[in-house]
Amino acid sequence: MENTDIVIYLRKKKELVDEALEKYFPDENPFFDVMYYSLGGGKRIRPILAISSYEANGGGDVDTIMPIACGLELIHTYSLIHDDLPAMDDDDLRRGKASAHKKYDEATAILSGDGLFAYAFELFSSGSNLAGERLAVVRAVSEVVGPKGVVYGQVLDMSDNPRPEPKTLRNIHFNKTAKFIAVAIKAGAIMACAPSTRIRELYRAGMYLGMLFQYTDDILDVTGEKDKLGKTPGKDEASGKIVAPAVYGLDGARFRAERYAALANQRFSSLDGDFSMLEKLTDFVLNRTY
Ligand code: IPE
Ligand code: IPE
Ligand code: MG
Ligand code: MG
Ligand code: MG
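Let me begin by describing the structure that accompanies this report.

## Some points on the coordination of the magnesium ion (ligand 3)
Working step 1: Bound to the magnesium ion (ligand 3) on the protein side are Asp 83 (OD) and Asp 89 (OD), at distances that span 2.2 Å.
Working step 2: Between the magnesium ion (ligand 3) and the magnesium ion (ligand 4), a separation of 3.1 Å is found, and both are coordinated by Asp 83. Across the pair, exposure class does not vary: Asp 83 and Asp 89 are buried alike.

## With respect to helix α6 (residues 106–125)
Working step 1: For α6, which comprises 20 residues, the first-to-last C-alpha distance of 30 Å matches the rise-based estimate of 28 Å (1.5 Å per residue) to within 8%.
Working step 2: What α6 keeps buried is the set Thr 108, Ala 109, Ser 112, Gly 113, Leu 116, Tyr 119, Ala 120, Leu 123 and Phe 124. Projection of α6 onto a plane perpendicular to its axis shows the buried side chains occupying an angular sector of 140°, all on one side. Away from its buried face, by an angle of more than 90 degrees, α6 presents the exposed residues Ala 118 and Glu 122.
Working step 3: Elements that come into contact with the buried residues of α6 comprise α2 (31–39), α4 (62–84), α5 (100–103) and α7 (131–145).
Working step 4: Its side-chain oxygen placed 3.3 Å from the backbone nitrogen of Ala 107, Asp 105 serves as the N-cap of α6.

## Some details on the environment of Leu 123
Working step 1: Structurally, Leu 123 can be placed in helix α6.
Working step 2: It is 7.7 Å that separates the C-alpha atoms of Leu 123 and Cys 70, two residues lying 53 residues apart in sequence.
Working step 3: Beyond its immediate chain neighbours, meaning those up to four positions away, Leu 123 contacts Tyr 24, Pro 67, Cys 70, Gly 71 and Leu 74.

## A closer look at the state of the cysteines
Working step 1: Counting across every chain of the model gives zero disulfides.
Working step 2: Cys 193 takes part in no disulfide bond, and the closest cysteine sulfur to it belongs to Cys 70, at a distance of 20 Å.
Working step 3: Residue classification places Cys 193 among the partly exposed positions, given a relative accessible area of 45%.

## Some remarks on the site of ligand 2
Working step 1: Taken together, Ser 79, Leu 80, Asp 83, Asp 89, Arg 94, Val 150, Gln 154, Lys 176, Gln 214, Asp 217 and Lys 231 form the complete shell of residues around ligand 2.
Working step 2: In the model, an oxygen atom of ligand 2 is placed 3.0 Å from a nitrogen or oxygen of the Asp 83 side chain.
Working step 3: When ligand 2 sits alone it has 390 Å² of accessible area, and the protein chains cover 91% of it.
Working step 4: Every element with two or more residues in the shell around ligand 2 is listed here: α4, α8 (150–158) and α10 (196–223).
Working step 5: Counting residues per element, the shell around ligand 2 draws most heavily on α4, at three residues.
Working step 6: Here the shell around ligand 2 is built from residues that sort into two nonpolar, three polar and six charged.

## Structural notes on the side chain of Gln 154
Working step 1: Along the chain, the position of Gln 154 falls in helix α8.
Working step 2: Apart from residues no more than four positions distant in its own chain, Gln 154 is found in contact with Ser 79, Asp 83, Met 88 and Lys 176.

## A short note on the packing of aromatic side chains
Working step 1: The final tally for this structure, using the stated rule, is eleven aromatic pairs.
Working step 2: Here Phe 25 and Phe 32 contribute two aromatic rings whose centre-to-centre distance is 5.8 Å and whose plane-to-plane angle is 65°, an arrangement assigned as edge-to-face. Grouping residues by exposure puts Phe 25 and Phe 32 together as buried.
Working step 3: Here the basic side chain of Arg 170 rests over the ring of Phe 174, its NZ or CZ set 4.8 Å away from the ring centre.
Working step 4: The cationic tip of Arg 288 hangs over the ring face of Phe 213; the distance from NZ or CZ to the ring centre is 4.0 Å.

## A short note on the site of ligand 1
Working step 1: Gly 42, Lys 43, Arg 46, His 76, Leu 80, Arg 95, Thr 177, Phe 213, Gln 214, Asp 217, Lys 231 and Arg 288 make up every residue found near ligand 1.
Working step 2: Within the side chain of His 76, an N or O atom sits 2.8 Å from an oxygen atom of ligand 1.
Working step 3: Interatomic distance of 2.7 Å between a side-chain N/O atom of Arg 95 and an oxygen atom of ligand 1.
Working step 4: Here ligand 1, which alone exposes 390 Å², has 89% of that area covered by the protein.
Working step 5: Broken down by secondary-structure element, the contributors of at least two residues to the shell around ligand 1 are α4 and α10.
Working step 6: Of the residues forming the shell around ligand 1, the biggest block, three residues, is contributed by α10.
Working step 7: Grouping the constituent residues of the shell around ligand 1 by class yields two nonpolar, four polar and six charged.

Calculation rules
Residues numbered from 1 in each chain as written. Chains lettered and ligands numbered in written order. Predicted model: local features only at pLDDT ≥ 70, side-chain atom pairs only at ≥ 80, totals over all residues. Heavy atoms only, no water. Donors = N, O, S within 2.8 Å, 3.2 Å for Na, K, Ca; no water. Buried < 20%, exposed > 50% of the residue type's maximum accessible area, 1.4 Å probe, protein only. Helix = DSSP H or I, 4+ residues; strand = E, 2+ residues; numbered from the N terminus. Expected span 1.5 Å × (residues − 1). Arc of directions from axis to C-beta. Contact = heavy atoms within 4.5 Å. Polar contact = N/O pair within 3.5 Å; in protein donor to acceptor, adjacent residues only side chain to side chain. Disulfide = S-S within 2.5 Å. Near = heavy atom within 4 Å. Areas by Shrake-Rupley, 256 points an atom, 1.4 Å probe, with all protein chains shown as cover. Nonpolar A, V, L, I, M, F, W, Y, C, P; charged D, E, K, R; others polar. Phe/Tyr/Trp six-rings, centres within 6.5 Å; stacked < 30°, edge-to-face > 60°. Lys NZ or Arg CZ within 6 Å of the ring centre and 35° of its normal.

Structure, rendered in structure tokens:
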């Protein structure tokens, strides 16, 4: 598949996800609009990975995976809102517009995050079929977005790390980003009732893709353009973050990003079945400019 094909694929899937998200944000009360504001403008990589994995594993009804896919995006968005707070990365620009605490205020931003996090689990557990699979998704996701994953990664990211060491970097990337990317792929496989060995293999491949994802995020903070990124580059170095270019240099970080992409694709291609779309997505993440 040509590079343009993956761009079209991503656009189409993003449209589907955006349509579904809109449905999940009715005028229940005015706060739904506040939360919805922060959802606007994301790439939707995690929901797309879930959908792609669901389809590659033979899942036929996209409506089955959609609430799960959207729930993942809600959790991701909550993590971004909190990540941008003055007490954390203190970023005013997110997804090409004012971050939640700038658009509203800090209390509203914190509560938006809380609301999205909780609402995600309502979406995961809704639906009358596949109750066992839904429970497995809830377990898998809750395991990696809390204190054993994203939240812990953010704690490590925030702590005063005296030296940019490979071990620290790996631990931060592993927890704050890779596990969540991997679980998106796992959730798609679970909902398609894939065999457990394949679910495990997909998760492992997803971890490499997740490491790659944070490497390219760190690299883009150095090389990316503000308009394309929709966030302010150059912040990691300014705040002394333990990021890939700080540990390995820009070329070293690029080299390692390529290695993670190769490792992910080795695993995707060795699976029984056609997981070529996940390979294309990996290539996209390696070469992304936003
Ligand atoms: C940014 O994630 C935060 C990281 C974990 C690296 P994305 O690059 O997926 O951000 P959006 O969703 O497209 O805004
Ligand atoms: C954040 O990593 C990862 C999260 C869990 C939100 P970053 O702090 O590098 O993400 P950006 O660069 O602000 O999007
Ligand atoms: Mg951060
Ligand atoms: Mg940040
Ligand atoms: Mg970053």
